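Observations on the model geometry
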Amino acid sequence: MKIIEGTVPFHGYQTWYRLVGECTGNQKPLVLLHGGPGSTHNYFELLDSLAKQGRALLMYDQLGCGNSYLDGHPELWNLDTWDEELLNLLDRLHITEYHLLGQSWGGMLAMGFLLKHQPDGCRSVILSSTLSSASLWAHEQHRLITFLSEEEQAAIAEAEKTGDFSSEAYQKANARFMVQHCAAVPSENDPECLRRPKKSGSEAYLYGWGPNEYNPTGSLGSFEITDRLNELHVPALIMSGTNDLCTPLVAKTMYDHLPDAEWHLFDGCRHMCFAEHPEEYQSILNRWMLAYD
């Protein structure tokens, strides 16, 4: 399987990318937008097998993390920067027709990108465990917190009250919350791409989103596009899990406002459905893209 890795210049920095496979027939490439902000492309390597079916995959590390790491520039960590980076990457690689998949924050980027540019070449968008409203997301995370123990709830409440998220009690409570609704710490039995050390963009996350999933105090805290989703006329596939940070209410809110949408809810999955139910996820994704190539 052909894999090309490289970089493209962007605003005086470099965006690292990984292009897997080649398109055959009428199949269009799948462009993958990872979460965070400040995570990396690594977990998307689980989808490499899609390339064996004649479809190219483009994944990249967004500015501020991984192989595109950068810090000391808090003014960069906003939707405009990452929107311009995506536009630049597609232009530099001459990709004009594609499917766009955004996971978590990547889905926010995908929707913002489509609303701003209305590209003719986007065949469909896949919204994987993402959100259209930061305030609804925060509300739902606080509801999920109520399922923690009283001690854990108290530790989180104290940290939110004081603004000090460094205590051991808070760290343990937040870790427990993330294991329940995001993902467990990778074990030796997990695929290598999940276990691989990565350079996360902690600054990008803090200034872009906030100190944790339930306090969107960064530049994306004002992300509220639910009422604009009717402007997205690209076919949209929503995928989320029953135990996801993207709760069924968050997913249904997007589904209800998109004019052309399908929603698949994965039973028992947390925030990374493609890792927990990989065969089901890829089967649904492949069927979807073939229908809209």
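Residues numbered from 1 in each chain as written. Predicted model: local features only at pLDDT ≥ 70, side-chain atom pairs only at ≥ 80, totals over all residues. Heavy atoms only, no water.

**Examining the UniProt feature "active site" (unreviewed entry) in the protein chain**
UniProt records the feature "active site" (unreviewed entry) for Ser-104, Asp-244 and His-271 in the present numbering. Of the residues just listed, which span 168 residues, no C-alpha pair is farther apart than 10.3 Å, and they cluster in one region. Judged by relative accessible area, Asp-244 falls into the buried class, the value being 1%. Other than its neighbours up to four places away in sequence, Asp-244 contacts Ser-129, Leu-144, His-181, Cys-269, Arg-270, His-271 and Cys-273. A distance of 3.1 Å separates a polar atom in the side chain of Asp-244 from the backbone nitrogen of Gly-241. Along the chain, His-271 falls in the loop between β8 (261–266) and α9 (273–276). With near-sequence residues (within four places) excluded, His-271 lies in contact with Gln-103, Ser-104, Ser-129, Trp-137, His-181, Cys-182, Asp-244, Leu-245 and Cys-246. A polar contact of 2.8 Å, which involves the side chain of His-271, links it to the side chain of Ser-104. (UniProt positions renumbered as here; feature names shortened; annotations may be inferred. Buried < 20%, exposed > 50% of the residue type's maximum accessible area, 1.4 Å probe, protein only. Contact = heavy atoms within 4.5 Å. Polar contact = N/O pair within 3.5 Å; in protein donor to acceptor, adjacent residues only side chain to side chain. Helix = DSSP H or I, 4+ residues; strand = E, 2+ residues; numbered from the N terminus.)

**Section: unusual backbone geometry**
Of note, the bond from Gly-36 into Pro-37 is cis; its omega dihedral lies within 30 degrees of zero at -5 degrees. Locating Pro-37 in the fold gives a position in the loop between β3 (30–33) and β4 (57–61). At His-11, a position not held by glycine, the phi torsion is positive, near 50 degrees. A positive phi angle is found at Ser-104, which is not glycine, with a value near 60 degrees. Relative to the elements of secondary structure, Ser-104 occurs in the loop between β5 (98–103) and α2 (105–117).

**Considering helix α8 (residues 248–257)**
When we look at burial in α8, the residues that qualify are Val-250, Ala-251, Thr-253 and Met-254. In an axial view of α8, the angular spread of the buried residues amounts to 155 degrees, which keeps them on one side of the axis. Buried positions along α8 lie against α2, α3 (134–145), β7 (236–241) and β8. (Arc of directions from axis to C-beta.)

**A word on the packing of aromatic side chains**
As enumerated under the stated definition, the model contains 11 aromatic pairs in all. Relative to Trp-82, the ring of Trp-77 has its centre 5.6 Å away and its plane inclined at 20 degrees; by these criteria the two rings are stacked. Both residues of the pair, Trp-77 and Trp-82, belong to the buried class. With a centroid separation of 4.6 Å and 50 degrees between ring planes, the pair formed by Trp-288 and Tyr-292 is classed as tilted. Pair noted here: Trp-288 and Tyr-292 are both in helix α10 (residues 278–292), with a separation of 4 residues, about one helical turn. Under the relative-accessibility criterion, Trp-288 is labelled buried at 2%. Using a relative accessible area of 29% as the deciding quantity, one classes Tyr-292 as partly exposed. In textbook terms, an aromatic cluster arises when at least three aromatic residues are bridged by ring pairs, as seen for Tyr-43, Phe-44, Phe-266, Phe-274 and Tyr-281. (Phe/Tyr/Trp six-rings, centres within 6.5 Å; stacked < 30°, edge-to-face > 60°.)

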